[in-house]
Amino acid sequence: MNNPKVSTNKNDLKTRLKKGLLIVWSLLYKRRYLFRSIGVALGTLMLSILMLFFMLRLIPGSSVDLFARTLVSQRNIPFEDARILAIQILGYDPDQPAFVQFWNYLVKLFHGNLGQSLNDPNLSVNSVIPKFLPWTLFLSAVSLFISFFIGMFMGSKLAYQRNALKNSFRTAYIVISGAFPDFIFGLLMLIIFATKLKWFPTGQAYNPSYSTPGFNLKFFWDVLYHGFLPIATYVFISSSGWALSVKGSCVTVMGDDYIYAARARGIPDSLIQKRYLRKNAMLPLITSLAISFAATFGGSPLIENIFNYPGLGQLLANYIAAREYFMIVGILFFTSAIIILANMITDMLYSVIDPRIRRGT
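Below, the structure is looked at part by part. Every value quoted in this text rests on a predicted model; they were computed, and no experiment measured them.

1. Overview of the overall build of the protein
No. 1: Looking only at helices and strands, the protein features 16 helices and zero strands.
No. 2: Taking all 361 residues of the protein together, 39% fall into the buried category.
No. 3: When contacts within the protein are restricted to residue pairs at least 6 apart in sequence, those whose partners lie at least 24 apart make up 70%.
No. 4: Summing over all exposed atoms, the protein offers an accessible surface of approximately 21000 Å²; the carbon and sulfur share of this is 66%.

Right under this line is the structure:
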C-alpha cells in the first residue's frame, strides 16, 4: 500500500514548484519590456559586428600581407615569419574559412582587442581611444546640450507664439542654419575669426605651453578658448534641427486638455510654457537626445579636421586617409556599441517615465 505521508509530501512539492514557476513567470512577464530591449540591443550589436566583419573581407588587397611587410622592415625578419606574426597580432587569417574567421573576430572583440594598426605594431584602438575620446566628448557634449536648450527655447516659442513678430527672425535663423553645410560654416568661422581677426587659435585643444595640464581654472578657460569656434559651429548647425523637433512635439502637446485647462485658469503664458509645455514636449525627445549624445563618441571628422582638433573624428579621418582598416573598424565598432547601449538604456528609462510603454499601450 502507498504511504499517505509520502503522497502528501509529493503533492506539497508539486504545489510549491507550481507556485515558484508562477512567481518566476509573473516576474518575467512584468519585466518583458526590459528583456525585449536587451534582446533587441544584443541582436543589433551582433548585426553591426557582422557588417564590420564583412567590411574587413571586402578590403582590397591583403591587410595581413601589408602588415607583414611593415614587420619585415621594422624587425628585419623573413616575410613568411612576418606573415605568421601578423596573423597572430591581427587575429585575422584570410586563408581560413569564413566561419572560422568570424569566430576568431568575435573572440578577439570580446577579449577587448578592438583592432591593431597596420603601420605601427605598437599602436592599437585600445591605446588611442583613452587619449582622444575625452576631447571629442568635451567638444560634442557641450555643443549638443547648448544646441538642445537653444532649440528647446526656440521651438516652444515658435509653437506657442505663432503670430509673434519675433517668429520671423527665429524662422530665418532656422532656415539659414539648416541650409548651411557644417564644413562650409566651419571654414567661414576659421577664416574670419582665426585667420583674419586672430581672435581665436587655428587648432589644438589647449595651449602647448602647458607641460602638465590639470583641473584648474586657467587650464579650463584655455580649453574653452581653443574649443569656442568648433563648439559655435556645432551649435549653429544643430540647433535648428532641435528647434523644429521641439516645435512639432509642442504642437502635439498644445492640443492636450491640461493646456486648455491652464489657460482657462488664467495661468500666465510664460508659466504654461515653462511648467506644462516644454516639460511634456521634451519627453518624446529623450531618445533622440540620448542617441545624439552617444553618437558624439564617434566625433565629427569634418569639423575636427577643419579646426585641427585632436578628437576621435580627426583620428578617424586620418586613418581613412592612411587606409588603417583595422583601426577604422575598431573605432566604428566602439561608436556603434555605445549608441546601441545608449538606446537600450533610454528605452528602459522611458518605460519608467511613461508606464504605458511597459503595458504595451
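2. Details of a nonpolar patch on the surface
No. 1: On the surface, a cluster of nonpolar side chains totalling about 770 Å² of accessible area is made up of Phe-183, Ile-184, Leu-187, Leu-188, Ile-191, Ile-192, Leu-197, Trp-199 and Leu-302.
No. 2: Here the nonpolar patch takes six residues from helix H8 (residues 182–196), the largest share from any one element.
No. 3: For Ile-184, the location among the structural elements is in helix H8.

3. Here we look at helix H9 (residues 217–254)
No. 1: The first and last C-alpha atoms of H9 sit only 44 Å apart over 38 residues, clearly below the 56 Å expected at 1.5 Å per residue.
No. 2: Taken as a whole, H9 carries its principal kink of about 50° at Phe-228; the proline Pro-230 stands between one and four residues after it.

4. Focus: the environment of Phe-53
No. 1: Along the chain, the position of Phe-53 falls in helix H2 (residues 32–57).
No. 2: Judged by its relative accessible area of 2%, Phe-53 is buried.
No. 3: Along the chain, Phe-53 and Leu-106 lie 53 residues apart, while their C-alpha atoms are 9.1 Å from each other.
No. 4: Ignoring any residue separated from it by four or fewer positions in sequence, one finds Phe-53 in contact with Ala-98, Gln-101, Phe-102 and Tyr-105.

5. Description of the packing of helix H6 (residues 125–160) against helix H14 (residues 312–322)
No. 1: H14 packs onto H6 with a crossing angle of 125° between their chain directions and a minimal axis gap of 8 Å. Considered as vectors, H6 and H14 are oriented oblique to each other. On H14, the residues that touch Val-128, Ile-129, Phe-132, Leu-133 and Thr-136 of H6 are Leu-312, Gly-313, Leu-315 and Tyr-319.
No. 2: Looking at the contact of H6 with H14 residue by residue, the classes come out as seven nonpolar, two polar and no charged.

6. Quick look at the packing of aromatic side chains
No. 1: On inspection of all chains with the given rule, the structure shows 10 aromatic pairs.
No. 2: Aromatic side chains Phe-148 and Trp-242 sit 5.1 Å apart centroid to centroid with 85° between the ring planes, which places their arrangement in the edge-to-face category. Linking Phe-148 in helix H6 with Trp-242 in helix H9, this pair joins segments that are 94 residues apart in sequence. Trp-242 shares its class with Phe-148; the two are buried.
No. 3: Site record: aromatic cluster; members linked through ring pairs are Tyr-173, Phe-180, Phe-185 and Phe-236.

Quick notes on the rules
- Residues numbered from 1 in each chain as written.
- Predicted model: local features only at pLDDT ≥ 70, side-chain atom pairs only at ≥ 80, totals over all residues.
- Heavy atoms only, no water.
- Helix = DSSP H or I, 4+ residues; strand = E, 2+ residues; numbered from the N terminus.
- Buried < 20%, exposed > 50% of the residue type's maximum accessible area, 1.4 Å probe, protein only.
- Contact = heavy atoms within 4.5 Å.
- Areas by Shrake-Rupley, 256 points an atom, 1.4 Å probe, with all protein chains shown as cover.
- Patch = residues over 30% accessible without salt bridge, like charges linked within 9 Å, V, L, I, M, F, W, Y side chains within 5 Å.
- Salt bridge = Lys/Arg side-chain N within 4 Å of Asp/Glu carboxyl O.
- Expected span 1.5 Å × (residues − 1).
- Bend = angle between axes of the 7 residues up to and from the residue.
- Axes fitted to C-alpha atoms, helices over the stretch in contact; angles between N-to-C directions.
- Parallel < 35°, antiparallel > 145°, perpendicular 65-115°, else oblique.
- Nonpolar A, V, L, I, M, F, W, Y, C, P; charged D, E, K, R; others polar.
- Phe/Tyr/Trp six-rings, centres within 6.5 Å; stacked < 30°, edge-to-face > 60°.

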